[in-house]
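# Working through the structure, step by step
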Amino acid sequence: MSEEKIIRMDMGKNTEHEHIGNEKTVLCLGIESSCDETSAAIVDSDRNILAHIIYSQIPEHQKYGGVVPELAARAHILAVDEVIRLTLERAGKSIDDIDVIAATAGPGLIGGVLIGWMSATGIANAKNKPLVAVNHLEGHALVPRLCAASASDSATNINVEFPYLLMLASGGHCQILLVHNVGKYELIGQTLDDSAGEAFDKVAKMLGLGYPGGPIVDKRAQLGNVKRFHFPRPLCDKPGCDFSFSGIKTAARMLLDKTPQTDINEEFINDFCASFQQSVVDCITNRLTNALKDVRVRKAAPKTMVVAGGVAKNSAIRSAMEELAKQSNMLFAAPPMNLCTDNGAMIAWAGIENYRVGNIVHEPVAPRPRWPLTEL
């Protein structure tokens, strides 16, 4: 894997946060390989990202319109050693300088998870370093505590304290959770079928917009009329906090099937994306509004509403959630755009958070393709 094929993401020192506790600063090497990105980062316990490198496999998967697991695993094998080497080099550190090794142990595509996890295990064993098995979803859940900003002002750093209300939305997951502490998650609502990210990708594919679809739909939606087409808002007339997105996706397919090809122009696509995206936004805000009334949430009294996961990059969802938080007298926080999708920095930070509470590996760990946060 040549250095030219690596997408390098370097972040400077974040001096907005004070040192955590009185212990010495801890350096963690985090490795992420759960889907189609091979990433490593070195993060310290003072919330500084010393180096962060991502090798994106998107070009390999674009021609297929989605991630091919076998191709993803092969790409991880070719990239992981070089990504780790470049991360250490960019941070100006040797592996001996690292205090903790962390890697995704699930959930995810098991071939990719195994590659990253075995790399981390090998390093930890060879250098006698503590090892943390990170739940990929916990990486997303905790990364706002590493660095977070409001949707309207990306320069404003927000210190996210426990407990907080989390909307975790990605290509494979859509959940509302109470984050009580590291390893302590309470499920408030979840999708009953498709995830929000899957719905975005499928609609983009229907329109021939390419992969990954979410960012493309968001960009086109900003140019469109949200009122031109009507899409359903599943479950929004029902109590509870669960989601359903398959009906919106089916409605999109039916509308396209009955539309003459000659009518599908740039304006049509923009309006289609805007109308579809608004239906997803409405579903999310409706379910979150119900969550705020849930007795468990009211009892916990979280001060911050957080969105995380790949779908947290969506501008309309970020803005709508920020407005809902404001109306509810809560702070709103979201990771920076480059920490919303899968990345090594979130795994390194989750490694530090778990290490600080004693959650390290003492016996062999079997990586898991499925690993709910509620089983931590």
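Our subject is the structure listed above.
Criteria and thresholds
Here the residue numbers are simple positions, counted from 1 along each chain's written sequence. Where totals are concerned, whole chains, interfaces and linings use all residues; where local detail is concerned, this predicted model gives features only for residues with pLDDT of at least 70, and gives and counts side-chain atom pairs only at 80 or more. With hydrogens and water excluded, all non-hydrogen atoms of the structure serve as input to the side-chain values. Per the convention used, a helix needs a DSSP run of H or I reaching at least four residues, while a strand needs a run of E reaching at least two, with both numbered from the N terminus. The atom set for the radius of gyration is the C-alpha atoms, and the globule formula is 2.2 Å times the number of residues raised to the power 0.38. Three labels apply to residues, based on accessible area from a 1.4 Å probe with only protein chains included: buried if under 20% of the type maximum, exposed if over 50%, partly exposed otherwise in between. Surface exposure here means Shrake-Rupley accessible area, sampled with a 1.4 Å probe, where a residue is shielded only by the protein chains that are shown. Positive charge is attributed to Lys and Arg, negative charge to Asp and Glu, and no charge count is given to His or to the chain ends. Note on charges: their place is set at NZ of Lys, CZ of Arg, CG of Asp or CD of Glu. Salt bridges, as used here, are contacts in which a Lys or Arg side-chain nitrogen is within 4 Å of a carboxyl oxygen on Asp or Glu. Two strands pair if DSSP finds at least two bridges between them. Throughout, an axis means a line fitted to C-alpha atoms (over the contacting stretch in the case of helices), and angles, computed between N-to-C directions, take values from 0 to 180 degrees. Residue contacts are defined here by distance: any two heavy atoms, one from each residue, within 4.5 Å place the two residues in contact. With the strands pointing away from the viewer, any crossover whose connection runs clockwise from the first strand over the helix to the second is right-handed. Buried residues of nine kinds, namely Ala, Val, Leu, Ile, Met, Phe, Trp, Tyr and Cys, make up a nonpolar core once their side-chain atoms join them within 4.5 Å. Expected span, for any helix, means 1.5 Å times one less than how many residues it has. The arc refers to the directions leading from the helix axis to the C-beta atoms. Here the angle decides the label: under 35 degrees means roughly parallel, over 145 means roughly antiparallel, 65 to 115 means roughly perpendicular, and every other value means oblique. Less than a right angle of anticlockwise turn of the near helix away from the far helix marks a crossing as left-handed, whereas a clockwise turn marks it as right-handed. In this classification, the charged set is Asp, Glu, Lys and Arg, the nonpolar set is Ala, Val, Leu, Ile, Met, Phe, Trp, Tyr, Cys and Pro, and all remaining amino acids, among them Gly, are polar.

The next subject is the overall build of the protein. A tally of helices and strands in the protein yields 11 helices and 11 strands. At 20 Å, the protein has a C-alpha radius of gyration in line with the 21 Å of a compact globule built from 376 residues. Taken along the three principal axes of its C-alpha coordinates, the protein extends 65 × 50 × 35 Å. In the protein, which comprises 376 residues, the share counted as buried stands at 54%. Split by element, the accessible area of the protein, about 16200 Å² in all, is 51% carbon and sulfur. The average position of the 37 basic charges and that of the 43 acidic charges among the side chains of the protein differ by 3 Å.

Glancing now at the pattern of salt bridges. A full pass over the atoms with the stated rule returns 13 salt bridges. Of the charged contacts, one joins Glu 266 and Arg 220 as a salt bridge, the two residues approaching to 2.7 Å between their closest N and O atoms. With Glu 266 in helix α8 (residues 266–293) and Arg 220 in helix α6 (residues 213–221), this pair connects stretches of sequence that are 46 residues apart. Notably, a salt bridge pairs Asp 271 with Arg 228, separated by 3.0 Å at the nearest N-O pair. With Asp 271 in helix α8 and Arg 228 in the loop between α6 and α7 (246–258), this pair connects stretches of sequence that are 43 residues apart. Exposure remark for Asp 271: the relative accessible area of 6% places this residue in the buried category. Connected through salt bridges with shared partners, the residues Glu 82, Arg 85 and Glu 89 form a single ionic network.

This brings us to the sheet that holds strand β9 (residues 184–190). Ordered in space as β9-β8-β7-β10-β11, the five strands form an open sheet in which the pairing is mixed. Edge positions in the open sheet fall to β9 and β11 (331–333), since each of these has one partner strand only. If you compare each strand with its neighbour and ignore which way they point, the axes differ by 25° on average. Pairing analysis gives six bridges linking strand β8 (residues 174–181) to β9, with the strands arranged antiparallel. What sits directly across from Val 179, in β9, is Tyr 185. α8 rests against β7 (164–169), β8, β9 and β10 (304–308) of the sheet, and its axis sits at about 155° to β7.

In this section: the pairing of strand β5 (residues 100–106). Along any regular strand, the residues point their side chains to alternate faces of the sheet. Taken across its seven residues, β5 has seven buried, putting it largely inside the fold. Bridge analysis of β5 against strand β6 (residues 131–135) gives five bridges, and the strand direction is parallel. Considered in β6, the bridge of Ala 103 is made with Ala 133. Following the chain from β5 across helix α3 (residues 110–127) to the adjacent parallel β6, one finds a crossover that is right-handed.

On to the nonpolar core, then. Looking at soluble globular proteins, one finds that nonpolar side chains tend to be buried together. Ranked by size, the top nonpolar core spans 52 residues in total, and within it Met 167, Phe 245 and Phe 272 carry the most contacts. Secondary-structure elements contributing two or more residues to this core are β7, β8, α5 (196–206), α6, α7, α8, β10 and α10 (315–327). A per-element tally of this core places α8 first, with 13 residues.

The terminal C-alpha atoms of α7, which comprises 13 residues, lie 19 Å apart, in line with the 18 Å expected from a rise of 1.5 Å per residue. Among the residues of α7, those classed as buried are Ile 248, Lys 249, Ala 252, Leu 255 and Leu 256. Projected down its long axis, α7 shows its buried positions confined to an angular sector of 125°, all on one face. Residues of α7 that are exposed and angled more than 90 degrees away from the buried face: Met 254, Asp 257 and Lys 258. Looking at the buried side of α7, the elements it contacts are α5 and α8.

The angle between the axes and the distance between the axes are what describe a pair of packed helices. At a minimum axis separation of 11 Å, α7 and α8 run at an interaxial angle of 160°. Between α7 and α8, the interaxial angle falls into the category roughly antiparallel. The handedness of the crossing between α7 and α8 is right-handed. Facing α7, whose interface residues are Ile 248, Ala 252, Leu 255 and Leu 256, α8 presents Phe 268, Phe 272, Phe 276, Ser 279, Val 280 and Cys 283. For the contact of α7 with α8, the per-class residue count stands at nine nonpolar, one polar and no charged.

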